[in-house]
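Understanding the architecture of this molecule
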Amino acid sequence: MDSLSKKGGLIGLLFQSKITSAEPEPEGIRLFRKSHDSVLVTWEKLLEPPTLKQGLFFSSVMIPSEQESYEIKWTNHTDASDFRKKVLLCFYKHHEATVNKALSQIKDQTDRIHYLRTSYCLKISEYAQTVLNKVKVPPEDLYDELPESLLDSFVLLYKWSSLHPEFLKAQRQSYVEQQKEAHRELFDRIESNPLTDKQRDACIIDEDNNLVLAGAGTGKTSTMIGRVGYLIDSNQASAKEVLMLAFGNKAAEEMREQITEKLGIEHITARTFHSLGQSIIASVEKKKPAISPLATDEKLLNKTVDTWFTELLKDPDYQTKTIRYFEKFLYPAANPFEFNSEGEYIEFIRANEIRTLKGENVKSLEECYIANWLFRMGVEYEYEASYKEADTRTPEFRQYYPDFYLSEHGIYIEHFGIDRDGNTAPYIDKTSYNEGIAWKRELHKANKTKLVETFHYDQREDALLPRLEAQLIAQGVSFDPLPQEAVLNTLEEFGVISTFAGILSKLLQRYKANCYHLENFDAIIESHEKSALLRAAFELLKPLFERYERLLNQHQEIDFDDMIAKAIVYVREGLFISPWKFILVDEFQDISEPRARLVTALRDARKNASVFCVGDDWQAIYRFTGSDVSLTTGFESLFGATKTTALDKTFRFNNSISDIASRFITQNPAQVKKQIATVKQTSSPAVLLVRKDISADNTVKHVQEILEAISEISSERKTVYLLARFHFKLCKRSINPI
């Protein structure tokens, strides 16, 4: 029904209303008054579709508008219902036109932007929500009364506004599949074997930030080349808009060569991070920066730092800080009770080679504290000297060696590793250990020797040395503290000073590599769980750093770390205009935090730039140079919206090697869990461990035996690669032909 009139007759005459009839028009609803004039309620001013109130014999239609609400009373039930349906459809069709216009604009935008990045989606979502706020959206209880085609438009705009996950996933997947087909020929010919499906995904997907986890032999380099080829082939970038970053000159050169050879593309910028930083600085400063000899000659740097350290040690305040560091912080603090096994604890002691100020290799950090204190206080001692009053050897036990012996006073010191309840570390038998304590006490009592006891709980209560001092004073021991110069002279005799100068040189390099600033380093120290250790180390490092920086400034030189730090500043301040829309980083697992900052600065400097990083956290081995694998495992927290693609098929080794290597590497809970499939399959073991007692005299013999065993199980003649921890451990004598 296109129009609606109230019923005539006695009731209509008795209860006349202001509105006598209504009919829908293209612009809205025309309402006719009893005074024969009319008012138009436009669709925009209609607050919601008309609602129906049904009485026993008649219906009323409510029409709410911005100015006022209108009511048409005493209408036929059927007429009122038909009128409402007509108006309902017209009302939502009017708003559908606005929605469809918005959807058309969104489609035009998505057709231009290729892959749906999160940054694009957020802008589309904001626009879609703005439109939805202006139009009237059909509530769910009206869905059955409206055409499905009309509802589809509103639902689609809602999906854009809410960034519906499944909707976006389908949109992106559809785009990727379409692009795979469109560029099939490119992906098929890049390498001798066509790229795998995952490699093609990685080449096409272009999120704001992209991380490709490429296990060993999964085609990392092929994917990098395929990515560049796809970007140019799909007209998303020119060669000059692509930046490829590598960690070594050779790797950068190989990338350039392969891009030219396999794609026929020239003018690709492939650089190392340092080379990039240097070029950015040269571009801004209009001259190539001079590199300090200290940056290229590590021996010269070590010698320079050693000289500065020696000079600083003439200052009494610096002497105090140095000796305090040696006494309290030279070795990492560790609670023996927190190790799970004796093997773990022994490995910790062995790895840190805990030595006293006199150069003695001791068995625990707490013993080191005692020895250093005795030395500083001028008390002569012997570490683990044989008990002089009795021969305790038996067929089952060796001679008794107390921890310390004060020869001038005839006093023995034993440090017992128990808490106040007599408990021991979990890997030590409590009963046997406490029986040993009792035996030692009885031995000293029987031989009338003086025994001073200290305990693990003394150290946990920060009272180890004060309690030791009180006991020794009670035994009549007097102290003659050594002058700081004497302590340092002793350290120098044992080579500790020069060794520590080398450590400070490494610390200086690491401090520079992380691009720290003196003014905000205090905040970094305070937030660290080992703030006391860091502060003590920085007090020694800071004067060296200041001398180093002064030297660079005097000669107007920079080091390799300055290349990164200054480049970051120039990019962020807009002094360098980045030409690169697409930034590709190889071996990302080896990246350091400053290099990552340079990457993000370049990305943010160019509108709609994206980052594409390829790496494998399982192959991260350069922590000692400043690399941080957490930048890979926590990629999205640093870079923002990220799509991670895992290349899961290796061409390098078989399933047997893959299974063993994967089980081994994933013992580290910090590693990203991933499944690697292998092209090569075998049912035979491919990893053999051979345990040999190797000495200088039998190394070649054992290697010969292993090579013969390999020869027996090999189906054809193989080459063998020998690895050793140190180059001098490799066989220098010839191996007999097999």
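For the structure given in this document, a descriptive report is provided here. Treat the numbers as computed from the prediction; the structure is a model and nothing was measured. (Residues numbered from 1 in each chain as written. Predicted model: local features only at pLDDT ≥ 70, side-chain atom pairs only at ≥ 80, totals over all residues. Heavy atoms only, no water.)

**So, the overall build of the chain**
Heads up, the condition is: Note on conventions: DSSP H or I runs of at least 4 residues are helices, E runs of at least 2 residues are strands, and numbering of each starts at the N terminus. Each radius of gyration is computed over the set of C-alpha atoms, and the globule rule expresses the reference value as 2.2 Å times the number of residues to the power 0.38. Contacts are assigned to residue pairs that have any heavy atoms within 4.5 Å of one another. Residue exposure ignores everything except the shown protein chains as possible cover, and the areas themselves are Shrake-Rupley values with a 1.4 Å probe. When charges are counted, Lys and Arg contribute as positive and Asp and Glu as negative, whereas His and the chain ends are disregarded. Every charge is mapped to an atom, namely NZ of Lys, CZ of Arg, CG of Asp or CD of Glu.
A count of helical and extended segments in the chain gives 28 helices and 21 strands. At 40 Å, the chain has a C-alpha radius of gyration far larger than the 27 Å of a compact globule built from 738 residues. Each of the three principal axes of the chain carries a C-alpha extent, and together these read 135 × 70 × 65 Å. Considering only contacts within the chain whose residues lie at least 6 apart along the sequence, 67% involve residues at least 24 apart. Carbon and sulfur atoms provide 50% of the accessible area of the chain, an area that totals close to 40,400 Å². Of note, the chain has its 94 positive side-chain charges centred 4 Å away from the centre of its 108 negative side-chain charges.

**Let's talk about the pairing of strand S7 (residues 69–75)**
Applicable threshold: Criterion used throughout: strands pair if DSSP finds at least two bridges between them.
Where strand S6 (residues 59–64) and S7 come together, five bridges link them in antiparallel fashion. Paired with isoleucine 63 across the strands is tyrosine 70, a residue of S7. A loop of four residues connects S6 with S7, the two strands running antiparallel in sequence.

**A short note on the packing of helix H20 (residues 496–513) against helix H22 (residues 531–554)**
For the record, the criterion: Fitted lines through C-alpha atoms give the axes, limited to the stretch in contact for helices. The angle between two N-to-C directions lies from 0 to 180 degrees. Should an angle lie under 35 degrees it is considered roughly parallel, over 145 roughly antiparallel, and from 65 to 115 roughly perpendicular; all remaining angles are considered oblique. Left-handed describes a crossing in which the near helix is turned anticlockwise from the far one by less than a right angle; the clockwise case is right-handed. Amino acids outside the nonpolar list (Ala, Val, Leu, Ile, Met, Phe, Trp, Tyr, Cys, Pro) and the charged list (Asp, Glu, Lys, Arg) are all regarded as polar, and Gly is one of them.
At a closest axis distance of 10 Å, the pairing of H20 and H22 adopts a crossing angle of 65 degrees. Taken together, H20 and H22 sit at an angle that is classed as roughly perpendicular. The two elements H20 and H22 meet at a crossing, and its hand is right-handed. Contacts between H20 and H22 involve Phe500, Leu504, Leu507, Leu508, Tyr511 and Lys512 from the first element and Phe538, Leu540, Leu541, Leu544, Phe545, Tyr548, Glu549 and Leu552 from the second. Across the contact of H20 with H22, the residue classes tally to twelve nonpolar, no polar and two charged.

**Examining H20**
The condition is simple: Each helix should span, by expectation, one fewer than its residue count multiplied by 1.5 Å. Exposure categories follow from relative accessible area, calculated using a 1.4 Å probe and restricted to protein chains: below 20% of the type maximum is buried, above 50% is exposed, and the middle band is partly exposed.
Relative to the 26 Å expected for 18 residues at 1.5 Å per residue, H20 spans 25 Å between its end C-alpha atoms, a close match to the ideal helical length. Those residues of H20 not exposed but buried are Ile497, Phe500, Ala501, Leu504, Ser505, Leu508, Tyr511, Lys512 and Ala513. Once H20 finishes, cysteine 515 follows within two positions and takes phi at roughly 55 degrees, a positive value.

**Description of the state of the cysteines**
How we decide: Cysteine sulfurs are considered disulfide-paired once they come within 2.5 Å of each other.
Scanning all chains against the criterion turns up zero disulfides. Of all cysteine sulfurs, the one in cysteine 203 lies closest to cysteine 613, which takes part in no disulfide; the gap is 15 Å.

**Details of the sheet that holds strand S12 (residues 382–383)**
Taken together, four strands build an open sheet; the order of strands is S12-S13-S14-S15 and the sheet is mixed. Two strands bound the open sheet, and with one partner strand each, they are S12 and strand S15 (450–455). Bridge analysis of S12 against strand S13 (residues 404–406) gives two bridges, and the strand direction is antiparallel. Its bridge partner being in S13, glutamate 382 is matched across the sheet by tyrosine 405.

**Structural notes on the sheet that holds strand S19 (residues 642–647)**
With parallel pairing, the six strands of this open sheet are ordered in space as S10-S9-S17-S18-S8-S19. What marks the edges here is a single partner per strand, and that holds for strand S10 (269–272) and S19. Direction aside, neighbouring strands of the sheet carry axes that sit 15 degrees apart on average. The strands touched by helix H9 (residues 249–263) within the sheet are strand S9 (242–246) and S10, with S10 carrying the most contacts at an inclination of about 170 degrees.

**A short note on the packing of aromatic side chains**
Quick reminder of the rule: Only Phe, Tyr and Trp rings are paired, with Trp represented by its six-membered ring, and only when their centres lie within 6.5 Å; those with planes under 30 degrees apart are stacked, over 60 edge-to-face, the remainder tilted.
Applying the stated criterion across every chain yields a total of 30 aromatic pairs. Their ring planes at 90 degrees and their centres at 6.3 Å tell us that tyrosine 92 and phenylalanine 154 sit as a pair that is edge-to-face. Here tyrosine 92, found in helix H2 (residues 77–113), pairs with phenylalanine 154, found in helix H4 (residues 148–162); they are 62 residues apart in sequence, far enough to count as distant. Taking 5.3 Å as the distance between ring centres and 50 degrees as the angle between the ring planes, the aromatic pair formed by tyrosine 387 and tyrosine 400 counts as tilted. One end of the pair, tyrosine 387, is in the loop between S12 and S13; the other, tyrosine 400, is in the loop between S12 and S13, with 13 residues separating them in the sequence. By the ring-pair criterion, three or more aromatic residues cluster together here, those being Phe309, Tyr318, Tyr325, Phe326, Phe329 and Phe500.

**A word on the nonpolar core**
Generally speaking, soluble globular proteins have nonpolar side chains that are buried together. The test is simple: In plain words, nonpolar cores are sets of buried Ala, Val, Leu, Ile, Met, Phe, Trp, Tyr and Cys residues tied together by side-chain atoms within 4.5 Å.
Counting residues in hydrophobic clusters, the biggest one holds 63 residues, and the most contacted among them are Leu374 and Leu472. A per-element tally of this core places H22 first, with nine residues. Once residues within four sequence positions are removed from consideration, leucine 472 is found in contact with Trp373, Leu374, Leu406, Ile411, Val452, Val477 and Phe479. Listed in part, the 40 residues of the second largest apolar core include Val41, Leu150, Leu151 and Leu157.

**Quick look at the pattern of salt bridges**
Just so we agree on the cut-off: For salt bridges, the criterion is a side-chain nitrogen of Lys or Arg within 4 Å of an Asp or Glu carboxyl oxygen.
As enumerated under the stated definition, the model contains 38 salt bridges in all. Linking arginine 441 and glutamate 453 is a salt bridge whose minimum nitrogen-to-oxygen distance equals 2.7 Å. You can see arginine 441 sitting in helix H16 (residues 430–446) and its partner glutamate 453 sitting in strand S15, a full twelve residues away along the chain. Classification of glutamate 453 by relative accessible area gives buried; the value is 16%. In this structure, the salt-bridge partner of lysine 512 is aspartate 562, at a minimum N-O distance of 2.7 Å. In this pair, lysine 512 sits in helix H20 while aspartate 562 sits in helix H23 (residues 560–572), placing the two residues 50 residues apart along the sequence. Residues lysine 512 and aspartate 562 agree in their burial class; the two are buried. One salt-bridge network, held together by shared partners, links Glu177, Lys180, Asp197 and Asp201.

**Focus: the pairing of strand S8 (residues 209–214)**
Of all six residues in S8, six are buried, a share of seventy percent or more. The two faces of S8 match: Asn209, Leu211 and Leu213 on one face and Asn210, Val212 and Ala214 on the other face are all buried. Both S8 and strand S18 (residues 610–615) contribute to a ladder of five bridges, which runs parallel. Across the sheet, residue valine 212 finds its bridge partner in S18, namely valine 614.

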